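Architecture and fold: a report
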Amino acid sequence: MNQLLVIDQEWQDQAACRQIPVETFFPPAEQEATDAKSVCLGCCVKNECLEFAIQAGERFGIWGGLTPQERRSLVARRRSRAALLETATE
Ligand code: SF4
């Protein structure tokens, strides 16, 4: 069953990247994400941004200071942790 994605975009009004060219957040290679990551580092809605990207399954770009590969790794770690906790409570 598909989950309904609730899009609350109010956090975007506070995004530190609002005045930054969008290309900055879609570098040609993940290794070139330094500029975007430095903006995200000081962003007050970094967590909201990251969770939105994960829920939306964003496959491209820097969201919440993480590259697509870093987001996939985070999701995998979360799933592993959840599986361990489930096993521990059985
Ligand atoms: S975390 Fe980065 S990409 Fe997300 S809103 Fe903030 S500055 Fe923009």
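Only a predicted model underlies this, so the values are computations on that prediction, with no experimental measurement involved. The residue numbering used here restarts from 1 in each chain and proceeds along that chain's sequence as written. Residue-level local features of this predicted model are given only where pLDDT is at least 70; pairs of side-chain atoms are given and counted only at 80 or more, and the full residue set underlies all totals for whole chains, interfaces and linings.

1. Concerning the overall build of the protein
Threshold: Only DSSP runs of H or I reaching four residues or more are called helices, and only runs of E reaching two or more are called strands; each is numbered from the N terminus. Note that contacts rest on C-beta atoms placed from the backbone: two residues are in contact if these are within 7 Å.
Each helix and strand counted, the protein has three helices and zero strands in total. Listing every helix and strand of the protein by position from the N terminus yields α-α-α. If you line up the protein on its principal axes, its C-alpha atoms span 50 × 30 × 25 Å. Sequence separation of 24 or more characterises 48% of the internal contacts of the protein that already satisfy a separation of 6 or more.

2. Structural notes on helix α2 (residues 46-56)
Definition in use: Counts of 20 or more other C-beta atoms within 10 Å of a residue's own C-beta define buried residues, counts of 12 or fewer define exposed ones, and intermediate counts define partly exposed ones; C-beta atoms are placed from the backbone. In this context, the arc is that of the directions from the helix axis out to the C-beta atoms.
All of the buried residues in α2 are C49, L50 and F52. In an axial view of α2, the angular spread of the buried residues amounts to 160°, which keeps them on one side of the axis. For α2, the exposed residues set more than 90 degrees away from the buried face come down to N47 and Q55. Just downstream of α2 lies G57, where phi reads positive at about 70°.

3. Looking at the site of the ligand
Under the convention used in this document: A residue counts as near a molecule or strand when its C-beta atom, positioned from the backbone, falls within 6 Å of it. Residues were grouped as follows: Ala, Val, Leu, Ile, Met, Phe, Trp, Tyr, Cys and Pro as nonpolar; Asp, Glu, Lys and Arg as charged; and all remaining residues, including Gly, as polar.
As a matter of local geometry, the ligand sits amid 14 residues, with A15, C17, C40, C43 and C49 nearest to it. Its residues assigned to classes, the shell around the ligand shows 11 nonpolar, two polar and one charged.

4. Description of the environment of V39
Examined against the element boundaries, V39 turns out to sit in helix α1 (residues 34-41). Once the C-alpha coordinates of V39 and V75 are considered, the two residues, 36 residues apart in sequence, prove to be 23 Å apart. The residues touching V39, leaving out its near neighbours within four places in the chain, are A16, C17 and I20.

5. Some details on the nonpolar core
The cut-off we apply is this: To count as a nonpolar core, a set of buried Ala, Val, Leu, Ile, Met, Phe, Trp, Tyr and Cys residues must be joined through C-beta atoms within 7 Å.
Ranked by size, the top nonpolar core spans nine residues in total: A33, A36, C40, C49, L50, F52, I62, W63 and L66. When residues of this core are assigned to their parent elements, the largest contribution, three residues, is made by α2. Excluding its chain neighbours within four sequence positions, the residues that come into contact with L66 are L50, R71 and L74.

6. Observations concerning the environment of E90
In this structure, E90 sits in the segment after α3 (68-88). On the neighbour-count criterion, E90 (5 C-beta atoms within 10 Å) is exposed. Along the backbone, E90 and E30 are 60 residues apart, and their C-alpha atoms lie at a distance of 40 Å.

7. Quick word on the environment of E23
As for its position among the elements, E23 is in the segment before α1. In the structure, E23 is positioned 38 residues away from G61 in sequence and 8.9 Å away in space, judged by C-alpha atoms.

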